[in-house]
Amino acid sequence: MNAQPEASHFIDGKYIEDRTGDVIEVIYPATGDVIARLHAATPAIVDQALAAAKRAQKEWAGWTATARGRVLRRAADIMRDRNHDLSVLETYDTGKPYQETSVVDATSGADALEYFGGLAASITGEHIPLGDDFVYTRREPLGVCIGIGAWNYPTQIACWKAAPALACGNAMVFKPSETTPLCALKVAEILVEAGAPAGVCNVIQGYGAVGASLITDPRVDKVSLTGSVPTGRKVYAAAAEGVRHVTMELGGKSPLVIFDDADLENAVSGAILGNFYSSGQVCSNGTRVFVQKGIKDAFLKRLTERLEGVKMGDPQDPDTNFGPMVSENQRDIVEGFFTKGVEEGATLVTGGKRVDRDGFYLEPTVFADVTDDMTIARDEIFGPVMSVLDFDTEEEVLARANDTEFGLAAGVFTADLTRAHRMAAGFEAGTCYINTYNDAPVEAPFGGSKMSGVGRENSKAAIEHYSQIKGVYVRMGDLEAPF
Ligand code: NAD
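Residues numbered from 1 in each chain as written. Predicted model: local features only at pLDDT ≥ 70, side-chain atom pairs only at ≥ 80, totals over all residues. Heavy atoms only, no water.

**Brief notes about the overall build of the chain**
Check the secondary structure of the chain and you find 15 helices and 22 strands. The C-alpha radius of gyration computed for the chain amounts to 23 Å, which stays within 12% of the reference 23 Å derived for 483 residues, consistent with globular compactness. Across its three principal directions, the C-alpha atoms of the chain cover 80 × 60 × 40 Å. Within the chain, the fraction of its 483 residues that count as buried is 57%. Sequence-distant contacts in the chain: of pairs separated by 6 or more residues, those separated by 24 or more amount to 73%. As displayed, the chain offers around 19,200 Å² of accessible surface, 51% of which is attributable to carbon and sulfur atoms. Both charge centroids of the chain, one from 45 positive and one from 67 negative side chains, sit 4 Å from each other. (Helix = DSSP H or I, 4+ residues; strand = E, 2+ residues; numbered from the N terminus. Rg over C-alpha atoms; globule rule 2.2 N^0.38 Å. Buried < 20%, exposed > 50% of the residue type's maximum accessible area, 1.4 Å probe, protein only. Contact = heavy atoms within 4.5 Å. Areas by Shrake-Rupley, 256 points an atom, 1.4 Å probe, with all protein chains shown as cover. Lys, Arg positive; Asp, Glu negative; His and termini not counted. Charge placed at Lys NZ, Arg CZ, Asp CG, Glu CD.)

Right, dumping it as structure tokens:
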């Protein structure tokens, strides 16, 4: 497959190039080879994208919501028809195994387009009677929305932002991560093919500076970021200057609590899914695995056995189930945590090394006897590193689970029905799981509390974050005034 796109940017319905922009090299994480060369947006490209979005948004908002929804649902069908090619490209872009991308990335993007396409026509206001008078509300689009993406789920992130934005009648300018710039272009291309007016969904490339220049432009009404907490702080502050709407999907260090009475096999599955899927590069991962003392030995034994099923290799091979880190930089960052874990006294159960092959592969790694103060238990690692911590009581583990600045996700495995719901109520996290981990269907809200973010993606909740209510007071009789 030729991964090189026709041009770097997709603006106003067509591919556009400006070779004066900084070069962005796209590197296949499985080999380290450069597979495409793109250019970051120059100020002229940024201006062109925002001008197109501003113009197209007015036309798009004037369509009936049913017609807008139809476009999104058609786009969903096109994405599903092209799932194979889109998954191969996503695998080149991210290094994630085809075994994952073929069932998660374009498919969850299509789910979002279909869901919000279906919801579009039900986005309405209400009538509020006031005697003879009344108020009615209009649910209106915000205008031009900026989407800024992380590198772990490029297609999904583009769709999770564009689908609700477009359903509500907004236009979007999306800037993918400079590490994975390829797939969002396909999403914009497909939306136009499905009938979206040119300019309604635009994709421009760039490093952080391009993202920063988008946020403060007076034509922009909303910014939705998926990224790290440090970037979130900067983007939130820049958006605040213009009192712009924001959605912040940021980092996490989520707890996964396994009680003695849990089904061991399911609990091990949850811990594997919550730490090693996408080689651990998932924001909501349950990387602090609290295991009640009575089940600890059995848990570690079974986990180690199950990790023998890891198949590392060419990510395009459908049998491979564990891929490389997205970049050399990310590999080096995660390797630093291997060293920290050992230095600070955690027990290395398995893994902990770089893999001797081309590309940015690391072994799936488990540390036991981890304590709350260790760096590997406090910092977001964003790699295949599971920290196992011991606990005795429910009260103790809930307090420790919540003792973090993050609040993205949390999970509990137990056979005790009431305890499961008590834990879910007690977790300080936006997305919780009982006897499962990391499911993210479009029907359910997804997002974080505390430093992990503001706003929610997916579900009906996302509509609140891509629209605003206007109240219209209607007087039916004469109007009195004091003079
Ligand atoms: P990052 O914060 O480095 O970059 C995210 C995006 O922000 C990139 O597109 C980058 O170019 C852009 N950016 C950087 N500086 C900017 C600035 N000053 N102004 C505007 N844009 C700027 O994150 P990353 O390394 O790409 O992704 C990993 C992080 O993303 C992790 O912390 C992870 O937890 C988080 N994440 C969160 C979710 C979620 O839904 N909560 C999902 C995936 C990833």
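There's more to say after this.
**Some words on the site of the ligand**
Around the ligand sit 29 residues in total, of which Gly 149, Glu 178, Ser 228, Thr 231 and Glu 380 are the nearest. Between the ligand and Ala 212 there is a distance of 3.5 Å, counted from a nitrogen atom to a backbone nitrogen or oxygen. In the model, an oxygen atom of the ligand is placed 2.7 Å from a nitrogen or oxygen of the Ser 228 side chain. Considered on its own, the ligand offers 850 Å² of accessible surface; in the complex 87% of this is hidden by protein. Elements that contribute at least two residues to the shell around the ligand include exactly α7 (208–215), β10 (222–226) and α8 (229–241). (Near = heavy atom within 4 Å. Polar contact = N/O pair within 3.5 Å; in protein donor to acceptor, adjacent residues only side chain to side chain.)

**Considerations on the sheet that holds strand β6 (residues 133–141)**
An order of β5-β6-β22 is seen for the three strands of this open sheet, with the pairing classed as antiparallel. What marks the edges here is a single partner per strand, and that holds for β5 (127–130) and β22 (467–474). Strand after strand, the sheet turns through a mean of 20 degrees between neighbouring axes, direction not considered. Inspection of the sheet shows β5 paired to β6 by four bridges, in the antiparallel sense. Following the sheet pairing, Leu 130 is matched in β6 by Asp 133. (Pairing = 2+ DSSP bridges. Axes fitted to C-alpha atoms, helices over the stretch in contact; angles between N-to-C directions.)

**Digging into a nonpolar patch on the surface**
The grouping of Ile 128, Leu 130 and Tyr 473 at the surface amounts to a nonpolar patch, some 270 Å² of accessible area in total. With respect to the secondary-structure elements, Tyr 473 resides in strand β22. (Patch = residues over 30% accessible without salt bridge, like charges linked within 9 Å, V, L, I, M, F, W, Y side chains within 5 Å. Salt bridge = Lys/Arg side-chain N within 4 Å of Asp/Glu carboxyl O.)

**Topic: the environment of Ile 16**
Locating Ile 16 in the fold gives a position in strand β2 (residues 14–16). Placed 393 residues apart in sequence, Ile 16 and Ala 409 show a C-alpha to C-alpha distance of 39 Å. Setting aside residues no more than four positions away along its own chain, Ile 16 makes contact with Ala 7, Ser 8, His 9, Ile 11, Ile 45 and Gln 48.

**Considering the packing of aromatic side chains**
Counted by the stated rule, this structure contains eight aromatic pairs. Look at Tyr 115 and Phe 116: their rings are 4.9 Å apart centre to centre, the planes differ by 90 degrees, and that puts the pair in the edge-to-face class. One exposure class covers both Tyr 115 and Phe 116, and it is buried. Summarising the aromatic geometry, the rings of Phe 259 and Phe 391 are spaced 5.3 Å apart at their centres and angled 90 degrees between planes, so their arrangement reads as edge-to-face. Highlighted residues: Phe 259 in the loop between β12 (255–258) and α9 (264–276) and Phe 391 in strand β16 (residues 385–391), separated in sequence by 132 residues. Directly above the ring of Tyr 153 sits Lys 96, whose terminal nitrogen or CZ lies 3.4 Å from the centroid. Above the face of the Phe 259 ring, Arg 419 is positioned so that its terminal group lies 3.8 Å from the ring centre. (Phe/Tyr/Trp six-rings, centres within 6.5 Å; stacked < 30°, edge-to-face > 60°. Lys NZ or Arg CZ within 6 Å of the ring centre and 35° of its normal.)

**So, the sheet that holds β12**
Across the sheet, seven strands lie side by side as β14-β15-β16-β13-β12-β18-β19; this open sheet has mixed pairing. Strands with a single pairing partner mark the edges of an open sheet, and in this sheet they are β14 (347–350) and β19 (431–434). Strand-to-strand twist in this sheet, taken as the mean axis angle between neighbours without regard to direction, amounts to 20 degrees. Judged from the three bridges that link them, β12 and strand β18 (residues 409–413) form a sheet pairing that is parallel. The residue bridging Val 257 from the neighbouring strand is Val 412, located in β18. Relative to β16, α9 is tilted by about 135 degrees, and along the sheet it contacts β12, β13 (288–292), β15 (365–368), β16 and β18.

**A closer look at the pairing of strand β3 (residues 23–27)**
In summary, the side chains of a regular strand alternate between the two faces of the sheet. Burial along β3 is one-sided: Ile 24 and Val 26 are buried, and none of Val 23, Glu 25 and Ile 27, which face the opposite way, are. In this antiparallel pair of consecutive strands, β3 and strand β4 (residues 34–39), the connection spans six residues, and Gly 32 shows a positive phi of 85 degrees.

**Remarks on the packing of helix α2 (residues 65–81) against helix α5 (residues 154–167)**
Here α2 crosses α5 at 160 degrees, and the two axes come no closer than 9 Å. It follows that α2 is roughly antiparallel to α5 by the angle criterion. You can see that α2 and α5 cross each other, and the crossing is left-handed. Across the interface between the two elements, Arg 68, Leu 72 and Met 79 of α2 pack against Thr 155, Cys 159, Ala 163, Leu 166 and Ala 167 of α5. Looking at the contact of α2 with α5 residue by residue, the classes come out as six nonpolar, one polar and one charged. (Parallel < 35°, antiparallel > 145°, perpendicular 65-115°, else oblique. Left-handed = near helix turned anticlockwise from the far one by under 90°. Nonpolar A, V, L, I, M, F, W, Y, C, P; charged D, E, K, R; others polar.)

**Quick look at the nonpolar core**
Met 79, Leu 113, Phe 116, Leu 166, Leu 191, Ile 258 and Phe 299 are the most contacted members of the largest nonpolar core, which totals 79 residues. Dropping the residues within four chain positions of it, Leu 166 is found in contact with Trp 60, Arg 68, Leu 72, Met 172, Leu 191, Val 200 and Cys 201. Core analysis: the next-biggest nonpolar cluster, separate from the first, contains 29 residues, Ile 45, Ala 52, Ile 204 and Val 223 among them. (Core = buried A, V, L, I, M, F, W, Y, C linked by side-chain atoms within 4.5 Å.)

**Considering empty space enclosed by the protein**
To find leftover empty space, one rolls a probe the size of a water molecule over the atoms. Taken as a whole, this structure holds three cavities of 30 Å³ or more when the rule is applied. As a volume, the largest cavity reaches approximately 70 Å³. The wall of the largest cavity is formed by Gly 252, Lys 253, Gly 280, Val 282, Cys 283, Asn 285, Thr 287, Glu 380, Ile 381, Phe 382 and Gly 383. Its residues assigned to classes, the lining of the largest cavity comprises four nonpolar, five polar and two charged. Its volume calculated, the second largest cavity comes out at about 60 Å³. Together, Lys 253, Arg 288, Phe 290, Asp 372, Ala 377, Arg 378, Leu 389, Arg 400, Asp 403 and Thr 404 line the second largest cavity. Looking at the lining of the second largest cavity, the elements with two or more residues in it are β13 and α12 (375–378). Each residue belonging to the lining of the second largest cavity can be placed in one class, and the counts come to three nonpolar, one polar and six charged. (1 Å grid on protein atoms, 1.4 Å probe; cavity = no way out; pocket = protein on both sides within 12 Å on 5 of 7 lines; lining within 4 Å. Points joined across faces, edges and corners; volume = space filled by probe spheres on them.)

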